[in-house]
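# Summary of structural features
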Amino acid sequence: MKKTYLLLIAFVAIVSCSVADKAHDPLADTGRTKRTENLLANLKKQAATRGWMFGHQDDVMYGIGWVGDTARSDVKSVCGDYPALLSFDLGHLELGDSVNLDGVPFQRMHDEIVRHFERGGVISISWHLNNPLTDGTAWINDSTGEQHLNTVAAVLEGGEQHDKFLSWLDIVADFLNSLQTSDGIRVPVIFRPWHEHTGSWFWWGQKLCTTEQYKALWKLTVDRLKEQRVVNALFAYSPGTESKGDPKQYMERYPGDDIIDVLGLDTYCYAQPGDTTAVAAYANDLDTHLSMICDLATEHDKLAALTETGFESIKTDNWWTHTLMPVINRHPISYVVVWRNAHNIPGHFYAPYPGNPSAADFVEFYNHPRSLFLHDLDLGN
């Protein structure tokens, strides 16, 4: 996406904003659209009474053996239904590129987000943005080394890259504001920046900024998006499992109830084929952490979610019904998202596809009354 597309979506947002806000998409007292607030309320109710939504990263963009096919989905090819939640990433949007860091065209992403909303689905968006100080990637295992230690300080007010970072946030705001139906309805999204901060592999990670700097980064982000009239975003906080189930550690860098809507968790199953001990350890660890975040979500009146998980290559054929589902069924989470099915990296997949050994087990997972896919949703879009 070069500057032409950025100008286009900004123009669309500006010219349609007043009409949409007043006629089709009124604002609630919170300053967000009523549809966005209703989505939050309906997701809380759904989690408490019906079950959890299944989500998949880049589900409709590519899969095993294909890329860019319209209306295609590995999940749908296996079970006959789309995931309830589709997740996407905005990495490289800030650079003005036409595609994201995984090669997904931003125009196509925009269109698929609107299409999934119109089908009745839910959208989550993450942002693996580049390092604004070093021009490296979001990850710290590149050639920039310890320069990452200064990045968060550099983007905060008074920092040498503050203006540059504000311009990046404005580009994100333009994209979020462009997510509208043809009749001006803003698409509500769950925005999940600054994730996995309890590790130190991103430039905003635990060892690369102070607690107060991390909280300030969140506040700057949300304040700027609101200044740019983003009224269709819920915000998700998603640490990893470094807290070891300790709620004090989990909440150490929590930016506040006035900012966050979703308390999440990112964790993956790492095991070799036949390693039942490692699979069991993942399940036990997941159970501990979901219990903690669900208790915290109740205490803070937030949604709880398993914001990223999965088992690369799904090395256990019954992983869906014997490992993942028994744990998440014990907790009132709103959704679970597994990572992407890369079309160009052998073995890098987290959802089944036709012919995958776990496909039959996934169909059983799909048929369980607590697993919610697109056809199960009625969220009042």
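Since we're looking at a predicted model, the values are computed, not measured.

How each quantity is defined
- Residues numbered from 1 in each chain as written.
- Predicted model: local features only at pLDDT ≥ 70, side-chain atom pairs only at ≥ 80, totals over all residues.
- Heavy atoms only, no water.
- Salt bridge = Lys/Arg side-chain N within 4 Å of Asp/Glu carboxyl O.
- Helix = DSSP H or I, 4+ residues; strand = E, 2+ residues; numbered from the N terminus.
- Buried < 20%, exposed > 50% of the residue type's maximum accessible area, 1.4 Å probe, protein only.
- Pairing = 2+ DSSP bridges.

### Some thoughts on the pattern of salt bridges
Two side chains of opposite charge can pair, provided their charged atoms sit close to one another. A full pass over the atoms with the stated rule returns 15 salt bridges. A salt bridge links D301 to K44; the nearest nitrogen and oxygen atoms lie 3.2 Å apart. Taken as a pair, D301 in the loop between α9 (276-300) and β9 (303-309) and K44 in helix α2 (residues 34-49) lie far apart in primary sequence, 257 residues in all. Taking the shortest distance from any N to any O, the salt bridge between D223 and K219 comes out at 2.6 Å. In this pair, D223 and K219 both sit in helix α7 (residues 211-227), four residues apart, roughly one turn of the helix. Taking relative accessible area as the criterion, D223 reaches 31% and is therefore assigned partly exposed. The network of salt bridges with shared partners includes R32, E37 and D261.

### Quick word on the pairing of strand β1 (residues 52-57)
Buried residues dominate β1, accounting for six of its six residues. The side-chain alternation of β1 yields two buried faces, one formed by W52, F54 and H56 and the other by M53, G55 and Q57. Two strands pair when backbone bridges link them, and β1 and strand β11 (residues 371-372) are joined in this way by two bridges, in the parallel orientation. In the strand pairing of β11, W52 is matched with S371. In this structure, β1 lies alongside strand β10 (residues 335-338), joined through four bridges in parallel fashion. Bridge pairing in β10 places H56 opposite V338.

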